[in-house]
Amino acid sequence: MDGIKPTLLINDYSAIHDLESIKKSITENHYYSISRTVPMCRFRGTVVDTRTRPDNMETILGWQRNVSRIRSMDVSMPTLISLTVNDREEIMDIELDASFRGSKGLLCSRPYLDTLLKKKLIGLHLDTNFLQAITVNQLHCFHLVEVLSGVYSYYRILKNKQIHARDSVEYEEEVMDCFIKDDDCYACSSHVMKGENPIFHTLKFHDIFRVVNFDKAGNLKGLENVKIDFFINGSFMFSNDDFRGTSKYMYRDFLKFILNCINELKPSVCHGTNARFLNTNLVPGALIGLIVQCIAMQTFKNNYNYVMHALTALQRPNHIPLCLGAIKNKDEAHAFFEGYDFENLLS
């Protein structure tokens with residue numbers, strides 16, 4: 001797909017002077033998708049405001065905005081998380097923005113998740129201990145984990161580059177745009193970082209609709225048999241032929257390939273830092289969710305219920321809800337999510 005490049009959500013930060021205006025741009029900017037019939041994009045990014053403050057604090061904004069079309073209606077789901085960090089890299093405050101829209105509506109309770117973030121993360125430092133605290137088991141939301149993982153990696157990249165000067169706003173932004181052409185699925189990405197050349201990369205899933213389907217539980221089947229090509233800046237890097245279908249576990253083979261892609265891309269983004277490269281839509285958990293959503297939306301078109309059924313299957317491995325949106329009843333809410341009051345959703 002030479003010459004096809006996805007469009008970023010913000011891109012031009014020159015006229016943005018504060019985090020509130022950036023938040024407004026994230027939630028309100030019009031987006032453009034390669035597919036005109038079934039747009040499906042994941043925008044994400046991180047902004048670090050190092051401008052001088054009397055208390056010597058830094059403010060960080062991690063964000064994500066998922067866009068898709070269901071029942072001929074475009075759906076936009078933003079996740080914005082603000083952090084205040086002192087000069088010891090300690091988190092002094094954190095907030096899930098009021099614009100938060102989880103994939104399952106009311107079930108994804110913003111007040112509950114915001115309280116959880118404050119309880120679990122205030123007082124931690126932005127180091128490897130932070131990563132141990134932002135698992136899905138701890139935060140009960142895949143979106144929160146993806147956004148905060150990106151915050152960690154970009155913050156460490158900046159520290160590795162020794163960007164300690166005040167009076168600056170540092171940023172990185174990425175979009176992954178999925179579309180279909182001739183039964184092949186393309187996931188095209190554009191990634192920009194302030195002061196760096198943009199990076200473009202593409203995953204091509206060959207004949208995916210001839211091979212992949214869903215079982216009754218909504219689980220994706222057959223991905224291990226799909227040939228996948230990986231390109232960076234238009235140049236072919238490798239495919240998954242060497243280990244395609246080598247095990248009966250689809251996700252194991254897929255994970256191995258995606259980790260190879262991440263390792264190939266990391267030197268262009270992380271510039272030698274030892275920090276894990278997590279500020280990317282290629283993170284396996286995030287990517288598999290995008291691919292499942294793309295296939296389900298194309299396969300079942302306007303069948304909203306089945307698209308949600310397929311997404312819920314990802315959130316309930318072994319029939320255990322990992323995130324709030326996977327709850328099926330009040331008993332599950334009480335059993336798996338301490339402090340979550342199912343009754344509050346009805347008031």
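Quick look at the structure, then. (Residues numbered from 1 in each chain as written. Predicted model: local features only at pLDDT ≥ 70, side-chain atom pairs only at ≥ 80, totals over all residues. Heavy atoms only, no water.)

## A few points about the overall build of the protein
And then number 1: Counting its secondary structure elements, the protein contains ten helices and eleven strands.
And then number 2: Taken along the three principal axes of its C-alpha coordinates, the protein extends 60 × 50 × 35 Å.
And then number 3: Within the span of the protein, comprising 347 residues, buried residues form 56% of the whole.
And then number 4: Of the contacts formed within the protein by residues at least 6 apart in sequence, a portion of 58% connects residues at least 24 apart. (Helix = DSSP H or I, 4+ residues; strand = E, 2+ residues; numbered from the N terminus. Buried < 20%, exposed > 50% of the residue type's maximum accessible area, 1.4 Å probe, protein only. Contact = heavy atoms within 4.5 Å.)

## Section: empty space enclosed by the protein
And then number 1: Scanning the model with the defined rule gives two cavities of 30 Å³ or more in all.
And then number 2: Surrounding the second largest cavity, Gly218, Asn219, Leu220, Tyr251, Val292, Ala310, Ala313 and Leu314 form its lining.
And then number 3: Counting residues per element, the lining of the second largest cavity draws most heavily on helix α9 (residues 304–315), at three residues.
And then number 4: By residue class, the composition of the lining of the second largest cavity is six nonpolar, two polar and no charged. (1 Å grid on protein atoms, 1.4 Å probe; cavity = no way out; pocket = protein on both sides within 12 Å on 5 of 7 lines; lining within 4 Å. Points joined across faces, edges and corners; volume = space filled by probe spheres on them. Nonpolar A, V, L, I, M, F, W, Y, C, P; charged D, E, K, R; others polar.)

## Considering the packing of aromatic side chains
And then number 1: For the structure on display, the rule yields nine aromatic pairs.
And then number 2: Seen from their ring centres, Phe230 and Phe238 are 5.7 Å apart, and the 40° between their planes marks the pair as tilted. As far as burial versus exposure is concerned, Phe230 and Phe238 are alike and both buried.
And then number 3: The structure contains a cluster of three or more aromatic residues connected by ring pairs, namely Tyr112, Phe337 and Tyr340. (Phe/Tyr/Trp six-rings, centres within 6.5 Å; stacked < 30°, edge-to-face > 60°.)

## What to know about the pairing of strand β1 (residues 41–49)
Two faces, one strand: in a regular strand the side chains alternate between the faces of the sheet.
And then number 1: Within β1, nine of the nine residues are buried, which leaves it mostly tucked inside the rest of the structure.
And then number 2: Side-chain alternation along β1 places Cys41, Phe43, Gly45, Val47 and Asp49 on one buried face and Arg42, Arg44, Thr46 and Val48 on a second face that is also buried.

## Details of the nonpolar core
And then number 1: Core analysis: the biggest nonpolar cluster contains 83 residues, and Leu148, Leu203 and Phe205 have the highest contact counts within it.
And then number 2: Aside from chain neighbours lying at most four places away, what touches Leu203 is Cys185, Tyr186, Ala187, Ile228, Asp229, Phe230, Phe257, Ile258, Cys261, Leu282 and Leu287. (Core = buried A, V, L, I, M, F, W, Y, C linked by side-chain atoms within 4.5 Å.)

## Structural notes on the pattern of salt bridges
And then number 1: One pass over the full model with this rule turns up 17 salt bridges.
And then number 2: Lys23 is the partner of Glu20 in a salt bridge, and the nearest nitrogen-oxygen pair spans 3.4 Å. With Glu20 and Lys23 both in helix α1 (residues 19–28) and three residues apart, this pair spans about one turn of that helix.
And then number 3: According to the relative accessible area criterion, Glu20 is exposed, its value standing at 55%. (Salt bridge = Lys/Arg side-chain N within 4 Å of Asp/Glu carboxyl O.)

## Concerning the packing of helix α8 (residues 284–300) against α9
And then number 1: Where α8 meets α9, the axes come as close as 9 Å, and the angle between the chain directions of the two elements is 155°. On the basis of the axis angle, α8 is roughly antiparallel to α9. Both α8 and α9 take part in a crossing whose hand is right-handed. Across the interface between the two elements, Ile288, Gly289, Val292, Gln293, Ala296, Met297 and Phe300 from α8 touch Tyr306, Val307, Ala310, Leu311 and Leu314 from α9. (Axes fitted to C-alpha atoms, helices over the stretch in contact; angles between N-to-C directions. Parallel < 35°, antiparallel > 145°, perpendicular 65-115°, else oblique. Left-handed = near helix turned anticlockwise from the far one by under 90°.)

## Some remarks on the side chain of Ser189
And then number 1: Relative to the helices and strands, Ser189 resides in strand β6 (residues 184–193).
And then number 2: Look at Ser189 and you get buried, because its relative accessible area is 1%.
And then number 3: Leaving out residues up to four positions away in the same chain, Ser189 has contacts with Pro6, Glu174, Val175, Met176, Ile199, Phe200 and His201.

## Concerning the pairing of strand β10 (residues 228–232)
And then number 1: With respect to burial, β10 is a largely interior element, four of its five residues being buried.
And then number 2: As paired strands, strand β7 (residues 199–205) and β10 are joined by five bridges and run antiparallel to one another. Its bridge partner being in β10, Lys204 is matched across the sheet by Asp229.
And then number 3: Sheet topology places β10 next to strand β11 (residues 235–239); four bridges connect them, and they run antiparallel. (Pairing = 2+ DSSP bridges.)

## Some words on the environment of Asp114
And then number 1: Relative to the elements of secondary structure, Asp114 occurs in helix α2 (residues 110–121).
And then number 2: When its relative accessible area of 10% is taken as the criterion, Asp114 is described as buried.
And then number 3: Between the alpha carbons of Asp114 and Ala98 there is a distance of 9.4 Å; along the sequence they are 16 residues apart.

## Re α9
And then number 1: In this model α9 runs 17 Å from its N-terminal to its C-terminal C-alpha over twelve residues, within 8% of the 16 Å that 1.5 Å per residue would give.
And then number 2: Taken residue by residue, α9 has Val307, Met308, Ala310, Leu311, Thr312, Ala313 and Gln315 as its buried positions. (Expected span 1.5 Å × (residues − 1).)

## Things to note about the environment of Ala310
And then number 1: Residue placement: Ala310 occurs in helix α9.
And then number 2: Exposure remark for Ala310: the relative accessible area of 1% places this residue in the buried category.
And then number 3: The spatial distance from the C-alpha of Ala310 to the C-alpha of Asn219 is 6.3 Å, given a sequence separation of 91 residues.

## A look at α1
Spacing of three or four residues puts side chains on the same side of an α-helix, whose turn is 3.6 residues.
And then number 1: Turning to α1, its buried residues are Leu19, Ile22, Lys23, Ser25 and Ile26. For α1, the angular spread of buried residues about the axis comes to 160°, placing them on one side. Looking at α1, the residues exposed on the side facing more than 90 degrees away from the buried face are Glu20, Lys24 and Glu28.
And then number 2: At the N-terminal end of α1, a side-chain oxygen is found 3.1 Å from the backbone nitrogen of Glu20, two or three residues along, and the residue is Asp18. (Arc of directions from axis to C-beta. Polar contact = N/O pair within 3.5 Å; in protein donor to acceptor, adjacent residues only side chain to side chain.)

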